[in-house]
Amino acid sequence: MDNKEIEQKLESKNVKPTAMRTLVYKTLAETGKALSLADLEQRFEKVERSTIFRALKTFEENFIVHPVDDGSGSVKYAVCDDECTCNIHDLHVHFYCTRCGRTRCMKELPIPNIKLPEGYTYDNAQFIINGVCPRCD
């Protein structure tokens, strides 16, 4: 994905495509896995943590990325599909490899629709499968 495509993607979500936002998005899109703030900090050593964090939060608020709590101790971020609005119908399974620490979205496996008892409402749902990925097997 080139920078022009990234800029168009961000603008389509009403996000101003700054140089840093473009770099963060490109990194997330090209790795093919969910990355934490610390992972991104390592890739952009000369950039302040708060700058990367603000880019991630802006992306999250505009349905460009979604957070993944895979149980590793730090929230990771993965790129959303174009149509994603991060509602219950967009949620999917995530796979956490216990050997290499990679977290992968499994968009082909939606989270099952669970009927909550009356009076309960959901804010979010996470479905994490822990195991060994094909790379590590």
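Going by what an unreviewed UniProt entry lists, the protein is known as Fur family transcriptional regulator and is assigned to Sunxiuqinia dokdonensis. Note on the protein: under the UniProt heading Sequence similarities (unreviewed entry), the record states "Belongs to the Fur family."

> What should I look at first to understand the side chain of Thr103 in this one?
Here Thr103 lies in strand E5 (residues 103–110). Given the relative accessible area of 1%, Thr103 is considered buried. Looking at Thr103, its side chain comes within polar contact range of the side chain of Asp70, at 2.3 Å. Every residue in contact with Thr103, bar those within four places of it in the chain, is listed here: Lys33, Ala34, Val68, Asp70, Lys76, His94, Phe95 and Tyr96.

> Would you mind showing me how to read the sheet that holds strand E2 (residues 65–68) here?
Strands in a sheet are paired, the pairing made by backbone hydrogen bonds, and the direction either parallel or antiparallel. On the basis of which strands lie adjacent, the open sheet formed by 3 strands has the order E1-E3-E2 and antiparallel pairing. Each edge of the sheet is formed by a strand with only one pairing partner; in this case those strands are strand E1 (35–36) and E2. Two elements, E1 and strand E3 (residues 76–79), share 2 bridges in a ladder whose sense is antiparallel. If you follow Leu35 over to E3, its bridge partner there is Tyr77. Across the sheet, helix H2 (residues 19–31) lies against E1, E2 and E3, angled at about 80 degrees from E3, the strand it touches most.

The rules behind these values
Residues numbered from 1 in each chain as written. Predicted model: local features only at pLDDT ≥ 70, side-chain atom pairs only at ≥ 80, totals over all residues. Heavy atoms only, no water. UniProt positions renumbered as here; feature names shortened; annotations may be inferred. Helix = DSSP H or I, 4+ residues; strand = E, 2+ residues; numbered from the N terminus. Buried < 20%, exposed > 50% of the residue type's maximum accessible area, 1.4 Å probe, protein only. Polar contact = N/O pair within 3.5 Å; in protein donor to acceptor, adjacent residues only side chain to side chain. Contact = heavy atoms within 4.5 Å. Pairing = 2+ DSSP bridges. Axes fitted to C-alpha atoms, helices over the stretch in contact; angles between N-to-C directions.

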